[in-house]
There are 4 protein chains.
Amino acid sequence: MDDVTRRNITQRLASAAGHLKGIERMVQEDAYCIDIIRQIQAVQAALQKVNIMLLDNHLHTCVTSAIRGDDPDEREAMLQELTSVFTMSNSL
Amino acid sequence: MDDVTRRNITQRLASAAGHLKGIERMVQEDAYCIDIIRQIQAVQAALQKVNIMLLDNHLHTCVTSAIRGDDPDEREAMLQELTSVFTMSNSL
Amino acid sequence: MDDVTRRNITQRLASAAGHLKGIERMVQEDAYCIDIIRQIQAVQAALQKVNIMLLDNHLHTCVTSAIRGDDPDEREAMLQELTSVFTMSNSL
Amino acid sequence: MDDVTRRNITQRLASAAGHLKGIERMVQEDAYCIDIIRQIQAVQAALQKVNIMLLDNHLHTCVTSAIRGDDPDEREAMLQELTSVFTMSNSL
C-alpha cells in the first residue's frame, strides 16, 4: 500500500474511533436514541468507504499479481477471497 | 434508558473504538488487505447490534409513550422517524 | 391497507417480477455479467422501497392500534416483530 | 458462462419472479404486512445469491482474461467495475 493511501485510511480509522468515543458520551448523557442510531450509521458508512479503498488497493496489487502469476491455486484462492468478502459485506 | 442497557451499549461502543485502534495498527504494519477488511466488517457488525439494542430501547420507551399519547403530530413524527432509520440502515 | 397503497405495491411487485423475466433473457443471451448484476441490484432496490412502504403502512395501522390497545403481550410481540424485521433487513 | 451455471441462474431468477407473483396475491388478499415483508426479504436474499454466482463467474472469466491480458486500460476498467459493484451492493 502506498503511503498516501495508508495515511488516508489510518486517518479515517482514527476519525471513526474518535466518533465512537463521542457517541459513547451521547449514550451516557441520555441523548435521544434516534440521534445516537444516526451517528452510528454515519460511522458505519465511513467504515464502508475504508473497505472500498482497501478493496481497490487489494485489486490493484495482490489480485493483479496473483492473476498475472503462474500459480493457478494462488489465483483460485484470491478469487474465492473476493467472493467471500462480497458475500460478507452484503450480510452486514 | 436503564443503567444495565446503558452500560452494555457503552461497553460495546468502547470495544468497537478499541478494535478500530487495533485495525489502524494493522494498516500501519501493512497487514493483508482482506484481513483488514474482515476486521472492519466485524466492527460494522458489532455496531449493527448496538443499533438494534438502541432501536429496541426506543420502541419500548419513546415510541410507546408517543403512540399512547394524545398528540397525533408527535405520533406521526415518531413513525416517520422509524421509517427513515429503517431506510437509512438498508443503504449502508 | 387502503386501496391506493395496495395498488401501488402490487404494481411495483408486478414490475419487479417482469424485470426479473427480462434479466432471465439477458442470462440466456449471455449478456455481460456486470450488466446483469446491476439489473438485479435495481430489482433489489425496488423491493427495498416496497418493504419500506409496507413497514410504514404497518406502523400506521397494526402497530399503532396494538400499542394504544390494552393487551401488553400483544404490544410486546409487535415491538419484537419490528426489531426482528430491522435485524433481518440489515443482513441482506 | 457454462451451461450448468446458466441453467442454475435462470432457474433461480424464474423462481424469484414466481415468488413475487405469490407475494402480489398476499398483498391483494390483505395478508399481514410483516409476513409480506419477510417474503420479500427472502426474494432479496435469493437475488443476492444469484449476484454472488454472477460475480464468481465474472471473476473466473472476464476479470481473469483482462488482468492476464496486455491492455492496461482494459485491466483498469475491469478493476473499477468490480469496486463499483461492491459499492452498489453495500448500499442496498
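Residues numbered from 1 in each chain as written. Chains lettered and ligands numbered in written order. Predicted model: local features only at pLDDT ≥ 70, side-chain atom pairs only at ≥ 80, totals over all residues. Heavy atoms only, no water.

Some remarks on the overall build of chain A
Point 1. In terms of helices and strands, chain A carries 3 helices and 0 strands.
Point 2. Its helices and strands in sequence order give chain A the pattern α-α-α, from N to C terminus.
Point 3. Since a compact globule built from 92 residues should have a radius of gyration of about 12 Å, the 18 Å found for chain A marks it as more spread out than a globular shape.
Point 4. Along the three orthogonal principal directions, the C-alpha set of chain A runs to about 60 × 30 × 15 Å.
Point 5. Going through the 92 residues of chain A one by one, you find that 49% of them count as buried.
Point 6. A sequence separation of at least 24 residues applies to 40% of the contacts in chain A between residues at least 6 apart.
Point 7. Here chain A has roughly 4000 Å² of accessible surface; of this, 50% comes from carbon and sulfur atoms. (Helix = DSSP H or I, 4+ residues; strand = E, 2+ residues; numbered from the N terminus. Rg over C-alpha atoms; globule rule 2.2 N^0.38 Å. Buried < 20%, exposed > 50% of the residue type's maximum accessible area, 1.4 Å probe, protein only. Contact = heavy atoms within 4.5 Å. Areas by Shrake-Rupley, 256 points an atom, 1.4 Å probe, with all protein chains shown as cover.)

Notes on a negative patch on the surface
Residue and element names in this part refer to chain A.
Point 1. A contiguous patch of negative charge on the surface is contributed by Asp70, Asp71, Asp73 and Glu74.
Point 2. Tracing the backbone through its elements, the reader meets Asp70 in the loop between α2 (33-68) and α3 (72-90).
Point 3. Here Asp70 falls in the exposed class, since its relative accessible area comes to 72%. (Patch = residues over 30% accessible without salt bridge, like charges linked within 9 Å, V, L, I, M, F, W, Y side chains within 5 Å. Salt bridge = Lys/Arg side-chain N within 4 Å of Asp/Glu carboxyl O. Lys, Arg positive; Asp, Glu negative; His and termini not counted. Charge placed at Lys NZ, Arg CZ, Asp CG, Glu CD.)

Considering the relation of the copies chain B and chain A
Two copies of one chain are present, and they are related through a rotation about an axis combined with an axial shift.
Point 1. Superposition record for chain B on chain A: RMSD 0.0 Å, screw rotation 180°, translation along axis 0.0 Å. Expressed as an axis order, the relation between the two copies is that of a two-fold axis. Proximity to the rotation axis, assessed at the C-alpha, singles out B:Ala17 in chain B; its C-alpha lies 2.3 Å from the axis.
Point 2. Residue by residue, 100% of the interface of chain B is reproduced at the interface of chain A, so both copies engage with the same surface. (Least-squares fit on C-alpha atoms with pLDDT ≥ 70 in both.)

Some words on helix α1 (residues 3-28) of chain B
Point 1. Compared with an ideal rise of 1.5 Å per residue, which puts 26 residues at 38 Å, α1(B) spans 38 Å between its outermost C-alpha atoms and is within 8% of the ideal.
Point 2. Buried positions along α1(B) lie against α1 (3-28) and α2 of chain A together with α2 (33-68) of chain B.
Point 3. Regarding α1(B), its N-cap is B:Asp2, as a side-chain oxygen of that residue lies 3.1 Å from the backbone nitrogen of B:Val4 further along.
Point 4. At the exit of α1(B) stands B:Asp30, carrying a positive phi of roughly 55°. (Expected span 1.5 Å × (residues − 1). Polar contact = N/O pair within 3.5 Å; in protein donor to acceptor, adjacent residues only side chain to side chain.)

Describing the interface of chain B and chain A
Point 1. Residue-level contacts link 42 residues of chain B with 42 residues of chain A.
Point 2. We note a salt bridge from B:Arg6 to A:Asp30, for which the minimum N-O separation is 3.0 Å.
Point 3. Summed over the shared surface of chain B and chain A, the number is 14 residue pairs in polar contact (both at pLDDT 80 or more).
Point 4. Here the side of chain B that touches chain A is composed, by residue class, of 26 nonpolar, 10 polar and 6 charged. (Nonpolar A, V, L, I, M, F, W, Y, C, P; charged D, E, K, R; others polar.)

Concerning the confidence of the model for chain A
Point 1. Confidence along chain A averages 95 in pLDDT terms, with 98% of residues attaining 70 or more.
Point 2. Ranking the helices and strands of chain A by mean pLDDT puts α1(A) first, with 98, and α3(A) last, with 92. (pLDDT = per-residue confidence, 0-100.)

So, the state of the cysteines
Point 1. A full pass over the atoms with the stated rule returns 0 disulfides over all chains.
Point 2. Here D:Cys33 stays unpaired: no disulfide links it, and the sulfur of C:Cys62, its closest cysteine neighbor, is 6.0 Å away.
Point 3. Relative accessible area serves as the criterion here: at 5%, D:Cys33 is assigned to the buried category. (Disulfide = S-S within 2.5 Å.)

Here's the deal with the side chain of C:Thr10
Point 1. For C:Thr10, the location among the structural elements is in helix α1 (residues 3-28).
Point 2. In this structure the side chain of C:Thr10 is engaged in a polar contact, spanning 2.8 Å, whose partner is the backbone oxygen of C:Arg6.

Digging into the pattern of salt bridges
Point 1. Within the structure shown, the criterion is met by 12 salt bridges over all chains.
Point 2. Two residues, B:Arg6 and B:Asp3, come together in a salt bridge whose shortest N-O distance is 2.7 Å. With B:Arg6 and B:Asp3 both in helix α1, this residue pair falls 3 residues apart, about one helical turn.
Point 3. Overall, the relative accessible area of 52% leaves B:Asp3 in the exposed class.
Point 4. Note that D:Glu24 and D:Lys21 form a salt bridge whose closest N and O atoms lie 3.3 Å from each other. Of this pair, D:Glu24 and D:Lys21 both sit in helix α1 (residues 3-28), separated by 3 residues, roughly a single helical turn.
Point 5. Overall, D:Glu24 belongs to the buried group, its relative accessible area being 11%.
Point 6. Through salt bridges with shared partners, a single ionic network connects A:Asp3, A:Arg6 and B:Asp30.

Some words on the packing of helix α2 (residues 33-68) of chain D against helix α3 (residues 72-90) of chain D
Residues and elements named next belong to chain D.
Point 1. Relative to each other, α2 and α3 sit at 160°, their axes nearing to 9 Å. The orientation of α2 relative to α3 falls into the category roughly antiparallel. Judged by the sense of rotation from one axis to the other, the crossing of α2 with α3 is left-handed. Note on element contacts: α3 touches α2 through Glu74, Arg75, Met78, Leu79, Glu81 and Leu82, opposite Leu55, His58, Leu59, Cys62, Val63, Ala66 and Ile67. (Axes fitted to C-alpha atoms, helices over the stretch in contact; angles between N-to-C directions. Parallel < 35°, antiparallel > 145°, perpendicular 65-115°, else oblique. Left-handed = near helix turned anticlockwise from the far one by under 90°.)

A short note on unusual backbone geometry
Point 1. For B:Asp30, which is not glycine, the phi dihedral falls at a positive 55°.
Point 2. Mapped onto the elements of the fold, B:Asp30 is located in the loop between α1 and α2.

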